[in-house]
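# Inside the fold
Chain residues, written in single-letter form:
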Amino acid sequence: MEWILEPWPWYVSGPLIAITMFTLLYVGRNFGMSSNLRTLCAMGGAGKTSNFFQFDWKTQRWNLLVMIGAIIGGFVGSQYLSENQVPDLNPKTIEQLKASGFESAGTTYVPTELFGDDAFSSPTTIILLLIGGLLVGFGARYAGGCTSGHSISGISNLQMPSLIATIGFFIGGLIMIHLIFPFIF
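Residues numbered from 1 in each chain as written. Predicted model: local features only at pLDDT ≥ 70, side-chain atom pairs only at ≥ 80, totals over all residues. Heavy atoms only, no water.

### Here's the deal with the overall build of the protein chain
Scanning the protein chain for helices and strands turns up 9 helices and 0 strands. Of all 185 residues assigned to the protein chain, the portion counted as buried reaches 19%. Here the contacts in the protein chain between residues at least 6 apart in sequence split such that 45% fall between residues at least 24 apart. When the accessible surface of the protein chain is summed, it comes to about 13,400 Å², and 69% of that surface belongs to carbon and sulfur atoms. Side chains of the protein chain give 8 positive and 10 negative charges; the mean places of these two sets differ by 25 Å. (Helix = DSSP H or I, 4+ residues; strand = E, 2+ residues; numbered from the N terminus. Buried < 20%, exposed > 50% of the residue type's maximum accessible area, 1.4 Å probe, protein only. Contact = heavy atoms within 4.5 Å. Areas by Shrake-Rupley, 256 points an atom, 1.4 Å probe, with all protein chains shown as cover. Lys, Arg positive; Asp, Glu negative; His and termini not counted. Charge placed at Lys NZ, Arg CZ, Asp CG, Glu CD.)

Structural data, given as structure tokens:
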């Protein structure tokens, strides 16, 4: 049981992702999570108010099962298959985070300053999370898919727009962490 509790090495998880992608390519499917939001809206009748949601959502039922599986798998993994969820951070990174006011750096999975019990009482944190969520949602729609859809499925399909989107995701992440993040905290 010990092997399942530890992070899997790249030479196990990488081929498993590749086998999944080859299987999806073979059956003519594309993987992605943000497309499920469109499917859920179409199921709920959003096609009556927007042409974007007018499509046969039943063809995407398989992807809804992937989404449900990800939710269930995440719950099972976090509740039953995780002994130590604290990431192993570089000591210099811990120093930098503590200097920025994150005293929980290196001791918790997520910063308690942002996601702890008292964090949601702070209007600043709530505003940052709302703005971040809106930007991620807008970005996924603007890019025509999310990071999993472009970076895993799109690149394995050799789609140039997915390569460009993935490069954009990385550039955006670098800009956020090196230029914007220091001004916020």
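There is more to say, and it comes next.
### Focus on the environment of Thr108
Considering the arrangement of structural elements, one finds Thr108 in the loop between α5 (91-99) and α6 (112-115). In sequence terms Thr108 and Thr39 are 69 residues apart; their C-alpha atoms lie 35 Å from each other. Each residue touching Thr108, except ones within four places of it in the same chain, is listed here: Val86 and Pro87. Within the local environment of Thr108, its side chain forms a polar contact with the backbone oxygen of Val110, the two atoms lying 2.7 Å apart. (Polar contact = N/O pair within 3.5 Å; in protein donor to acceptor, adjacent residues only side chain to side chain.)

### Describing helix α4 (residues 61-80)
Between its terminal C-alpha atoms α4 stretches 28 Å, which fits the 28 Å expected from 20 residues at 1.5 Å a residue. Looking only at α4, the buried set comprises Trp62, Asn63, Leu64, Met67 and Gly77. In this structure, the buried side of α4 is in contact with α2 (10-26) and α3 (35-43). (Expected span 1.5 Å × (residues − 1).)

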